[in-house]
Amino acid sequence: MKKVITGNQAVAYGVILSRVEVVSAYPITPQTTIVEELSELIANGRLNTRFLKVESEHSAMAALIGASTVGVRCFTATSSHGLAYMHEMLHWASGARLPIVMVNVNRAIGPPWNIWSDQSDSLSQRDTGWIQLYCENNQEVLDTILQAYRIAEIVRLPVMVVLDAFVLSHTSEPVDIPSMEEVDRFLPPFCPSYPFEPEEPKAYSVITTPEYFFEFRYKIQKAMEEVSEVSRKVEDEFYVHFKRRYGAIERYGGEKADLLLLTSGTVTSTSRLVVKKLIEQGINVAGVKIKRFRPFPAKEISEAIKGAEKLAVIDRNLSPGVGGIFAQELRAALYPGEEKPVIFGFISGLGGRDITPELIEEAIHYALSHSQPEEEILWLGLKK
Amino acid sequence: MKKIPIPIEENLGRGHLACAGCGAAIGMRLVLKALGERVVMVFPASCWSIIPGFWPYSSFRVTAIHAGFVTGGATASGIRAALDVKGDDETLVVVWGGDGGTFDIGLQALSGAAERNEDFIYICNDNEGYMNTGTQRSSATPLMAWTTTTPVAQPKENPKKDIMAIMADHQIPYAATATIAYPEDLLRKMEKAKGIRGTRFIHLLSPCPPGWRIPSEICVKISRLAVRSRVFPLYEIEKGRIYTLQEEKRVVPVKEYLKLQGRFGHLSNSQIEEIQRRVDESWDRLQRKARC
Ligand SMILES: Cc1ncc(C[n+]2csc(CCOP(=O)(O)OP(=O)(O)O)c2C)c(N)n1
Ligand code: SF4
Ligand SMILES: [Mg+2]
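Residues numbered from 1 in each chain as written. Chains lettered and ligands numbered in written order. Predicted model: local features only at pLDDT ≥ 70, side-chain atom pairs only at ≥ 80, totals over all residues. Heavy atoms only, no water.

Here we take up the pairing of strand 15 (residues 342-348) of chain A. Residues and elements named next belong to chain A. Where burial is concerned, most of strand 15 is hidden: seven out of the seven residues are buried. Of the two faces of strand 15, the one holding V342, F344, F346 and S348 and the one holding I343, G345 and I347 are both buried throughout. Bridge count for strand 14 (residues 310-315) against strand 15 is six bridges, and the pairing is parallel. The residue bridging I314 from the neighbouring strand is F346, located in strand 15. Each parallel crossover has a hand, and for strand 14 linked through helix 12 (residues 325-334) to strand 15 it is right-handed. As paired strands, strand 15 and strand 16 (residues 378-380) are joined by three bridges and run parallel to one another. When the bridges of strand 16 are listed, F346 appears paired with L378. With respect to chirality, the unit in which strand 15 leads through helix 13 (residues 357-369) into the neighbouring parallel strand 16 is left-handed. (Buried < 20%, exposed > 50% of the residue type's maximum accessible area, 1.4 Å probe, protein only. Helix = DSSP H or I, 4+ residues; strand = E, 2+ residues; numbered from the N terminus. Pairing = 2+ DSSP bridges. Right-handed = clockwise from strand over helix to strand, strands pointing away.)

This is how it looks when you write it as C-alpha cells:
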C-alpha cells in the first residue's frame, strides 16, 4: 500500500511492522512525532507491545537493556542531546551484545540551541559499538528498520538507523508500506541465541578481570567484521520480498569518472541531481552514497572509487580540531590501499543550513579546478 | 513481634567477596530466602557488583542482572515489561541498589519508575556511603559523620536525606524500613511486599565494618542499636499515607549507638546532643504522620 508519510511516520510503521515488543522513549524535537505516532498505534492496535514512557533517554536505553536481556524485540528513538545523554548505555547495549534497534534523527548539539539537521550527534557515538545506517529517503527509513532487526539479531549488536531532522523526519513522501504478512515472511520473531530462563539462573554483565575482558571486546570486533556479509544476505532476501536494495554504499553517475562526490543522508538526493546535470554538461563526475558508517565499509568504498583521482567528501558534521568525520574515516580506510586519490574535505550544512545544489556544484568545481585542496578543511557555504 | 520461620535454603553461595562481618551480606541472605527461586535480581553498581565474584563465576543461585549505576529503576522496568509481554507473571523482579544508587545518582530513574508504579520490589541497601569506591559521602551519610570526602576536620554538614518520605510521596503501595538485627521483621515485610503489585520499596539499613569503622563482629548489634536509639525506626507506609510505627520498648540514647562507631569518634558532647535533638524531632514527626 502506497501512502504519503513523513520520515517519522515511516519509522513508526517500521516499528509496528517489525512486531516490536517493548518500546521505551523520551521526547525530543525532531523525534517527537515518532513517539506520538507510536503511542497512537500501540494504544489502538492489537499488538502485544508495551510502551514505557520513561523519565529520560538514559532510562529509555536502560529499560531496553533490561527488556532485551529477557529476549524480546526492542525499540527506541531519540536525537541530539537525548542521544548524548544515553552515551553510557550505548556502550552497555553493545557490551551486553543486545540487538536493540534505535532511530536517531540527526540534529545539531548545543549550545547554541539548534534543532536542525547535523550529524554530529550520531557520529560522536561512533565508538560505542553500534552499527550505524544513514538513510536518504522515507522508503529507505522504513526498509532499513526491517533490515536492522535482521542484522542486529544475527550479529548480536545494536543498530542505529539515522535520518535527517526535518528534511526527512517532517517531510512527506510516498512510501510503499508492506503488509504485516509480507514483513512476517522476511522478519521472523526474535529468537535469542541464549534464551532467558529464570528457572535456570544465570548472571549477566558480571565483573570481568583483565584475564577475560580483552576477549569480550575482540568478539565485538569480530561481530562487526561479519556485518558486511550478513547485510548483503539480508538485503538479498529483502530484495526477493520487496524488490528494493540499498547496499552499504551506492555508486551512481559517470562510469569512469575522475572525480567522485561522497555524501550521506539526504545530501545524497541533492547530489544525484547535481551529478546528473553536470554529466549532461559533459563533466564526468560520479557520486557515492555512504549508507553504512559503522562498521565503515572500507572494502566497498575502495572498490567503488577505483580509478578516481579525486574524492570530494561533504560532511554535515564537525569534529573540532580534525574536520569532517566521514573524510577522516575515508582517509584512514584508504591509507593502506594502492590507490591514493586526493581527498577534498568539505564541511557544510551545520545546524541545518541548507546544502543547496549550488553549494554542491561549487564543491565539485573547486575539486575539478584544484590539484590539491588549499586547506585541510574546505568550508562550503560559510559566511566569512 | 510475631515469630516467622526463616527458610534454610541459601541462594547466596559460599566464596563471595564481601568483607568480614558485612551487614549487607547478612541482609542479602535473608532477602534471598524470602524471595525464593523465581526472581530476577537487578544490581546497579555497588559493592554488589563485586561481591558475587568475577566472571565466569557468581555466588548467586538466582538470576542476577548487573546494570549501570544510574539505572536500577529503569532496567527493572524494562525487565518487567519484557516478562509481561512474554506472559511470565510468576517471576518477581527485584532491584538491590546501594544508598548512592538510590538516594543520589539513581533517584531520577527510581522516581520515574515509582511514578509509573512499575511492578517490582526495590531494596535500597543503605550502608550510608559509597562503600564500593572507598567510603565517600552520599546523601544517606548521617550528619557529622566521617567519610573519606567528609574528613574529621570537616565532617558531613548536612543531615541524611529522608528517602522514605520521598518514596511515600510517590504514593507507592508499600514502603518499609528494615534491618538485619530483626530478621523475622525483614522476612515478614518481604512477604508482605511480595503479595502486593506495583512499586514496593524496602529501606534496609546494613552496617559496614570498614566504612563505619566498627569491628566486624558487631554489625548486628549496631543495627539493633540503630533501631533502639530511633536513629533508624522500623515502620511501614501503605499507599503513601498509612504509617505503622513499630514502637521500641528498650529505647537507648543516641550516644549508645554513636560511641561504638569510629566514624563518629570525633564528636563532642554538644554535637552528640545536637544529633539526639534531631533524632527526637524526626521521631515526633514520624509519630504525627502515624497518628493522622
Ligand atoms: C555513572 C557512574 N558514576 C560513578 C560510578 C562509580 N561507582 C561505582 S559504585 C559507586 C558507589 C556505590 O555506592 P552505593 O550505591 O551506596 O553502594 P555501596 O557500594 O555502598 O554498596 C560509585 C561511585 C559508576 N559506576 N557509574
Ligand atoms: S565495604 Fe562495607 S558494604 Fe561493602 S562489602 Fe565491605 S562491609 Fe560490605
Ligand atoms: Mg552505600
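That was the structure; now back to the text.
So, on to the site of ligand 1. Taken together, 16 residues sit near ligand 1, with D99(B), G100(B), G101(B), G129(B) and N132(B) positioned nearest. Per-site note: the chains with residues close to ligand 1 are chains A and B. Between ligand 1 and the protein, one listed contact pairs an oxygen atom with a side-chain N or O atom of D99(B) at 2.9 Å. With respect to ligand 1, the backbone of M131(B) contributes an N or O atom lying 2.9 Å from an oxygen atom. In isolation ligand 1 offers 590 Å² of accessible surface; the protein chains occlude 76% of this area. No other element matches the three residues that helix 3 (residues 99-104) of chain B contributes to the shell around ligand 1. (Near = heavy atom within 4 Å. Polar contact = N/O pair within 3.5 Å; in protein donor to acceptor, adjacent residues only side chain to side chain. Areas by Shrake-Rupley, 256 points an atom, 1.4 Å probe, with all protein chains shown as cover.)

Okay, helix 1 (residues 23-35) of chain B next. Residue and element names in this part refer to chain B. For helix 1, spanning 13 residues, the distance from its first C-alpha to its last is 18 Å, which sits close to the expected 18 Å at 1.5 Å a residue. Most of helix 1 sits inside the fold, with 11 of its 13 residues counted as buried. Listing the buried residues of helix 1 in full gives G23, A24, A25, G27, M28, L30, V31, L32, K33, A34 and L35. Backbone geometry just downstream of helix 1 places G36 in the positive-phi region, at approximately 80 degrees. (Expected span 1.5 Å × (residues − 1).)

Residues and elements named next belong to chain A. At a minimum axis distance of 8 Å, the contact between helix 3 (residues 57-70) and helix 5 (residues 87-95) shows a crossing angle of 15 degrees. With respect to helix 5, the element helix 3 is oriented roughly parallel. Judged by the sense of rotation from one axis to the other, the crossing of helix 3 with helix 5 is left-handed. In this structure, helix 3 contributes H58, M61, A62 and I65 to the contact, and helix 5 contributes E88, M89, L90, W92 and A93. (Axes fitted to C-alpha atoms, helices over the stretch in contact; angles between N-to-C directions. Parallel < 35°, antiparallel > 145°, perpendicular 65-115°, else oblique. Left-handed = near helix turned anticlockwise from the far one by under 90°. Contact = heavy atoms within 4.5 Å.)

All names here are of chain A. One can read the domain layout of chain A as domain 1 (2-242) and domain 2 (249-379). Each partner contributes to the interface: domain 1 provides 27 residues, whereas domain 2 provides 26 residues. Between domain 1 and domain 2 lies a buried interface of about 2,200 Å² when both sides are counted; carbon and sulfur atoms form 47% of it. Three residues, Q119, R126 and E136, lead the burial of domain 1 against domain 2; their summed loss comes to 32% of the area buried on that side. Salt-bridge contacts for R294 lead to D127; the nearest nitrogen and oxygen are separated by 4.0 Å. In this structure, the connection of domain 1 to domain 2 is made through 20 residue pairs in polar contact (both at pLDDT 80 or more). (Domains from an automatic or database assignment. Buried area = accessible area lost by both parts, 1.4 Å probe. Salt bridge = Lys/Arg side-chain N within 4 Å of Asp/Glu carboxyl O.)

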